[in-house]
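Survey of secondary and tertiary structure
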Amino acid sequence: GGGLSAYYLSSVLLLDCMVSGNTSLGENGGGIFTFMSAFSAIHSVVSENLLWNQGGRYSSHVRPYMQVEWYGGHGAAIKEVNSRVLFTNCIIVDNVVKPSGSFISGAGRVGFQSCIIWGNVGDMEYIDAEYSAIQLESSSEYVGGNIGLDPEFINHHMGDYSLQTSSPCIDT
């Protein structure tokens with residue numbers, strides 16, 4: 001990964017960390033790459049990471065209950081391969097994959113609990129999310145206590161991911 005990589009049976013815990021402003025010119029994640037590892041992040045931010053890659057056509061399923069097709073790279077923010085990955089109370093924001101592809105990619109799956117996944121460019125592949133704010137194209141795709149309402153950051157363009165008092169993500 002451009003920012004952090006976990007390989008071969010490693011166990012990683014990010015606590016109150018920021019993985020931001022990284023670039024990968026390959027296919028192994030702009031922000032975070034995991035391979036055969038256990039990876040957890042709590043109260044952390046993965047933001048403004050870039051994956052620049054070109055590739056072919058892939059068809060995949062986003063859990064729960066959503067199918068997408070995408071072209072190009074894998075995992076501008078996060079790429080998981082045969083790992084256990086869980087994000088809790090994290091923010092995944094403003095990550096970009098170019099020319100096209102997925103900003104979250106998992107060969108197994110990437111789990112999110114009470115997270116905000118917003119303002120990213122690209123698709124999501126193989127994720128499990130519960131009680132999270134996720135920016136999707138259709139409101140009919142929200143299940144598992146997830147919402148599609150703007151989280152109302154104070155000023156995410158300046159790196160302030162604090163929530164406004166009117167945010168629908170507070171106390172939900």
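Residues numbered from 1 in each chain as written. Predicted model: local features only at pLDDT ≥ 70, side-chain atom pairs only at ≥ 80, totals over all residues. Heavy atoms only, no water.

1. A short note on the overall build of the chain
Counting its regular elements, the chain contains 0 helices and 22 strands. Across the 172 residues that make up the chain, the buried fraction comes to 47%. (Helix = DSSP H or I, 4+ residues; strand = E, 2+ residues; numbered from the N terminus. Buried < 20%, exposed > 50% of the residue type's maximum accessible area, 1.4 Å probe, protein only.)

2. A short note on the nonpolar core
Grouped together as the largest cluster of nonpolar side chains are 27 residues, with contacts concentrated most on Phe87, Ile92, Ile104 and Phe112. Of all the secondary-structure elements, those providing two or more residues to this core are strand E6 (38-42), strand E11 (73-81), strand E12 (84-88), strand E15 (101-106), strand E16 (110-113) and strand E19 (127-130). Among the elements that make up this core, the one with the highest residue count is E11 (3 residues). Ile91, Ile116, Trp118 and Tyr161 belong to the second largest nonpolar core, which has 9 residues in total. (Core = buried A, V, L, I, M, F, W, Y, C linked by side-chain atoms within 4.5 Å.)

3. Examining the confidence of the model for the chain
Confidence along the chain averages 80 in pLDDT terms, with 78% of residues attaining 70 or more. Overall, residues 54-72 carries pLDDT values under 50, and its contacts beyond four positions in sequence, including any with other chains, amount to 51 contacts. (pLDDT = per-residue confidence, 0-100. Contact = heavy atoms within 4.5 Å.)

4. Side note on a nonpolar patch on the surface
A contiguous nonpolar surface patch, about 480 Å² in accessible area, is contributed by Tyr7, Tyr8, Leu9 and Met36. The exposed category is assigned to Tyr8, whose relative accessible area is 57%. (Patch = residues over 30% accessible without salt bridge, like charges linked within 9 Å, V, L, I, M, F, W, Y side chains within 5 Å. Areas by Shrake-Rupley, 256 points an atom, 1.4 Å probe, with all protein chains shown as cover. Salt bridge = Lys/Arg side-chain N within 4 Å of Asp/Glu carboxyl O.)

5. Examining the pairing of strand E1 (residues 4-7)
Only one face of E1 is buried, namely the one carrying Leu4 and Ala6, since none of Ser5 and Tyr7 on the opposite face is buried. Here E1 runs beside strand E5 (residues 32-35); their pairing, made up of 4 bridges, is parallel. Residue Tyr7 lies in a different strand from E5, and its bridge partner there is Phe35. (Pairing = 2+ DSSP bridges.)

6. A closer look at the sheet that holds strand E3 (residues 18-20)
On the basis of which strands lie adjacent, the open sheet formed by 5 strands has the order E3-E7-E13-E17-E20 and parallel pairing. Looking at which strands have only one partner, the edges of the open sheet turn out to be E3 and strand E20 (133-134).

7. Here's the deal with the pairing of E16
As paired strands, E12 and E16 are joined by 4 bridges and run parallel to one another. Bridge assignment links Thr88 to a residue of E16, and that residue is Gln113. Note that E16 and E19 share 4 bridges and pair parallel. Within E19, the position partnered with Val110 by the bridge is Ile127.

8. Looking at the sheet that holds E12
Taken together, 5 strands build an open sheet; the order of strands is E2-E6-E12-E16-E19 and the sheet is parallel. Each edge of the open sheet carries a strand with a single partner, namely strand E2 (11-15) and E19. Averaged over all pairs of adjacent strands, the angle between strand axes in this sheet comes to 10°, irrespective of strand direction. (Axes fitted to C-alpha atoms, helices over the stretch in contact; angles between N-to-C directions.)

9. Overview of the side chain of Ser83
When you line up the elements, Ser83 lands in the loop between E11 and E12. Separated by 3.1 Å, the side chain of Ser83 and the backbone nitrogen of Met36 make a polar contact. In this structure the side chain of Ser83 is engaged in a polar contact, spanning 3.1 Å, whose partner is the backbone oxygen of Val81. Not counting the four nearest positions on each side in its chain, Ser83 is found in contact with Thr34, Phe35, Met36, Ser37 and Arg109. (Polar contact = N/O pair within 3.5 Å; in protein donor to acceptor, adjacent residues only side chain to side chain.)

10. A few points about the packing of aromatic side chains
This model, assessed by the stated rule, comprises 6 aromatic pairs. Joined through ring pairs, the aromatic side chains of Tyr7, Tyr8, Phe33 and Phe35 make up one cluster. (Phe/Tyr/Trp six-rings, centres within 6.5 Å; stacked < 30°, edge-to-face > 60°.)

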